[in-house]
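Here is what each chain is made of, one letter per residue.
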Amino acid sequence: MSIAAYHQTIAECDDPRRIEYRVFLRITLALENNRDADWRSAALKDALWRNLELWNTLRADLLEDGNALPEALRAGLVSLSFAVNRNTQRVLRGEGGIDLLLHINRSVMQGLQGAAQATRELATEDLSYGT
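Residues numbered from 1 in each chain as written. Predicted model: local features only at pLDDT ≥ 70, side-chain atom pairs only at ≥ 80, totals over all residues. Heavy atoms only, no water.

1. Quick notes on the nonpolar core
Keep this limit in mind: For our purposes a nonpolar core is just a set of buried Ala, Val, Leu, Ile, Met, Phe, Trp, Tyr and Cys residues, chained together by side-chain atoms within 4.5 Å. Exposure is judged per residue with a 1.4 Å probe applied to protein chains only, and the accessible area is read against the type maximum: over 50% gives exposed, under 20% gives buried, and values in between give partly exposed. A run of H or I in DSSP becomes a helix once it reaches four residues, and a run of E becomes a strand once it reaches two; helices and strands are each numbered from the N terminus. Any two residues having at least one pair of non-hydrogen atoms within 4.5 Å are treated as being in contact.
Phe24, Leu31, Leu48, Trp55 and Ile98 are the most contacted members of the largest nonpolar core, which totals 24 residues. Contributing elements (two or more residues each) for this core: helix H2 (16-33), helix H3 (42-62), helix H4 (71-92) and helix H5 (99-124). Here this core gets 7 residues from one element, more than from any other, and that element is H3. In this structure, leucine 48 is in contact with Leu31, Thr88, Val91, Leu92, Ile98 and Leu101, ignoring residues within four places of it in sequence.

2. Here's the deal with the layout of surface pockets
Applied cut-off: Both cavities and pockets are sets of points on a 1 Å grid over the protein atoms alone; in a cavity a 1.4 Å probe fits but cannot get out, in a pocket the set is open with protein on both sides within 12 Å along at least five of seven lines, and lining residues sit with an atom within 4 Å of a point. Grid points are joined across faces, edges and corners, and a volume is the space filled by probe spheres set on the points.
Of the pockets and cavities examined, the largest pocket occupies roughly 350 Å³. As for the largest pocket, its lining consists of 15 residues, and the residues nearest its centre are Arg17, Glu20, Leu69, Leu77 and Leu112. Among the elements of the structure, H2, H3, H4 and H5 are those that each provide at least two residues to the lining of the largest pocket.

3. Re the pattern of salt bridges
Between side chains of opposite charge, a pair can form when the charged atoms approach closely. As a reminder of what qualifies: Salt bridge, as used here, is a side-chain nitrogen of Lys or Arg placed within 4 Å of a carboxyl oxygen of Asp or Glu.
One pass over the full model with this rule turns up 6 salt bridges. For arginine 40, the salt bridge is made with aspartate 38, and the minimal N-O distance between the two is 3.0 Å. The partly exposed category is assigned to aspartate 38, whose relative accessible area is 38%. The shortest N-O distance in the salt bridge between glutamate 95 and arginine 93 comes to 3.0 Å.

4. A look at the packing of aromatic side chains
Operational definition: Note on aromatic contacts: the rings of Phe and Tyr and the six-membered ring of Trp form a pair at centre separations within 6.5 Å, being stacked when their planes are under 30 degrees apart, edge-to-face when over 60 apart, and tilted otherwise.
Within the structure shown, the criterion is met by 1 aromatic pair. Ring geometry for phenylalanine 24 and tryptophan 55: centres 5.6 Å apart, planes at 75°, overall edge-to-face. Taken together, the positions of phenylalanine 24 in helix H2 and tryptophan 55 in helix H3 put the pair 31 residues apart, joining distant regions of the chain. Accessibility expressed as a relative area gives 0% for tryptophan 55, which makes it buried.

This is the structure:
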């Protein structure tokens, strides 16, 4: 099996929450690596734009009629996406740091870890009820 086919199989079989977690992890690490960078830093700007792109994509998905997340959770995440947008603009103007962005991303990552763990537990739970 080629490496590309192996990666495709993993992508098709992996829990979506774990995939989302890894995307957040990569972007959050890029932000953390540039935490002390000057606001004009190309690496910081790249990390900020990747983070903003992630949140814009999430917002678009959350606003789709077919999104299966509970409405209150969807609304909260959409609100966070707007907060990410506002804070990113401040950072890009040199008017603030990225601590809020890191906090938001880490909080979402914790939620994704919890959701993935609950899914794994349900998948391995004995549902036979004594039959």
